[in-house]
Amino acid sequence: MRNIDFSSWQSVLATLFGLALVTLMGVGIRLLTMMTIQQRRERMNRQINERLRTLIAAYKTLGGSFTGNLTVDPAHLRDLRKRGSDPVSAPDASLDLEAAAGSERGRRIRDAVEAALSDIILLGTDEQVRLAASAADELVAGRPVPTHDLVISLRNFVREALDLQPIPQDLVLPAQGPTRPSGAGTRGQGARDKQSGGGGSRGGGGGSGGGMAAGGSSDEGNVGDTGEAR
């Protein structure tokens, strides 16, 4: 305030210029700070949203089933072939057919569960990472893996992150297991096979019709030759 001088118009201009410069510097610093804080907050929100989206997808993969087989079968195609080639482990041919029919679904479930475990190890909490690593070790060892404990941990974390009330303690939920893949791909493949089979039969019919036409033309030629010979 001591430097403010209104004794002359030059002093007034200098004072106003100094005040405007200080005000602009203060406003610029404030805007820069607000932009930095906003960018950091947006980045954190994106990270949290991506993490929640990934963990919710893992929860749906690991706990989307309440009935049927609630464990992950670690068997690979080579293991199934080895079982089929062993007469002691596969004495009945019908069992081999059932195993071959269910091997594709089991393989798809195992692949989806392995991808979900990888995402949890990357983005999960300490408890979830430990559970996912333990499940991965069981898969590597070739033992069936239940996923219910990991599903409970994921469910509690997601509900807490979304500010939802916890599930009541007196409510007993059934055990959850990996989601079973839909059979849309198999039905689509069967429909394509039927269409290809129908096209083949139509093609065969056309071929037979063409053969009959060719046979008719050859008979007419033979009749003409006989008439000329007579």
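The structure displayed is predicted, hence computed values, not measured ones. (Residues numbered from 1 in each chain as written. Predicted model: local features only at pLDDT ≥ 70, side-chain atom pairs only at ≥ 80, totals over all residues. Heavy atoms only, no water.)

### Some remarks on the overall build of the protein chain
Here's step 1: Per the secondary structure count, the protein chain includes six helices and two strands.
Here's step 2: Scanning the protein chain from its N terminus toward the C terminus, one meets helices and strands in the order α-β-α-α-α-β-α-α.
Here's step 3: Counting only carbon and sulfur atoms, one obtains 59% of the accessible surface of the protein chain, whose full area is about 16,700 Å². (Helix = DSSP H or I, 4+ residues; strand = E, 2+ residues; numbered from the N terminus. Areas by Shrake-Rupley, 256 points an atom, 1.4 Å probe, with all protein chains shown as cover.)

### What about the environment of threonine 54?
Here's step 1: Turning to its location among the elements, threonine 54 is positioned in helix H1 (residues 9–62).
Here's step 2: Looking at threonine 54, the relative accessible area reads 15%, which means it is buried.
Here's step 3: Once you skip the residues sitting within four places of it in the chain, threonine 54 turns out to touch Asp119 and Leu123.
Here's step 4: Looking at threonine 54, its side chain comes within polar contact range of the main-chain oxygen of glutamate 50, at 2.9 Å. (Buried < 20%, exposed > 50% of the residue type's maximum accessible area, 1.4 Å probe, protein only. Contact = heavy atoms within 4.5 Å. Polar contact = N/O pair within 3.5 Å; in protein donor to acceptor, adjacent residues only side chain to side chain.)

### What about helix H5 (residues 148–161)?
Here's step 1: Over its 14 residues, H5 runs 20 Å from end to end, which matches the ideal 20 Å to within 8%, given 1.5 Å per residue.
Here's step 2: Those residues of H5 that sit buried are Leu150, Val151, Ser153, Leu154, Arg155, Phe157 and Val158. (Expected span 1.5 Å × (residues − 1).)

### Quick look at the pattern of salt bridges
Note that side chains of opposite charge can pair when their charged atoms are close.
Here's step 1: Going through the model one piece at a time under the given rule, you end up with six salt bridges.
Here's step 2: When the shortest N-O distance is used, the salt bridge between arginine 53 and glutamate 50 registers 2.7 Å. Remark: glutamate 50 and arginine 53 occur in helix H1; sequence separation between them is three residues, near one turn of the helix.
Here's step 3: For glutamate 50, a relative accessible area of 42% puts it in the partly exposed group. (Salt bridge = Lys/Arg side-chain N within 4 Å of Asp/Glu carboxyl O.)

### Side note on the UniProt feature "transmembrane region" (unreviewed entry) in the protein chain
Here's step 1: Here, the residues flagged by UniProt with the feature "transmembrane region" (unreviewed entry) are residues 12–33.
Here's step 2: Note that residues 12–33 is 100% helix and 0% strand, and that its end C-alpha atoms are spaced 32 Å apart. (UniProt positions renumbered as here; feature names shortened; annotations may be inferred.)

### Quick notes on H1
Here's step 1: Relative to the 80 Å expected for 54 residues at 1.5 Å per residue, H1 spans 78 Å between its end C-alpha atoms, a close match to the ideal helical length.
Here's step 2: Within H1, burial applies to Ser11, Thr15, Leu52, Thr54, Leu55, Ala58 and Leu62.

### Some remarks on unusual backbone geometry
The phi torsion of most residues other than glycine is negative, and most of the peptide bonds are trans.
Here's step 1: The backbone of aspartate 163 shows a phi angle near 60 degrees, a positive value even though the residue is not glycine.
Here's step 2: Look at aspartate 163 and you get exposed, because its relative accessible area is 72%.

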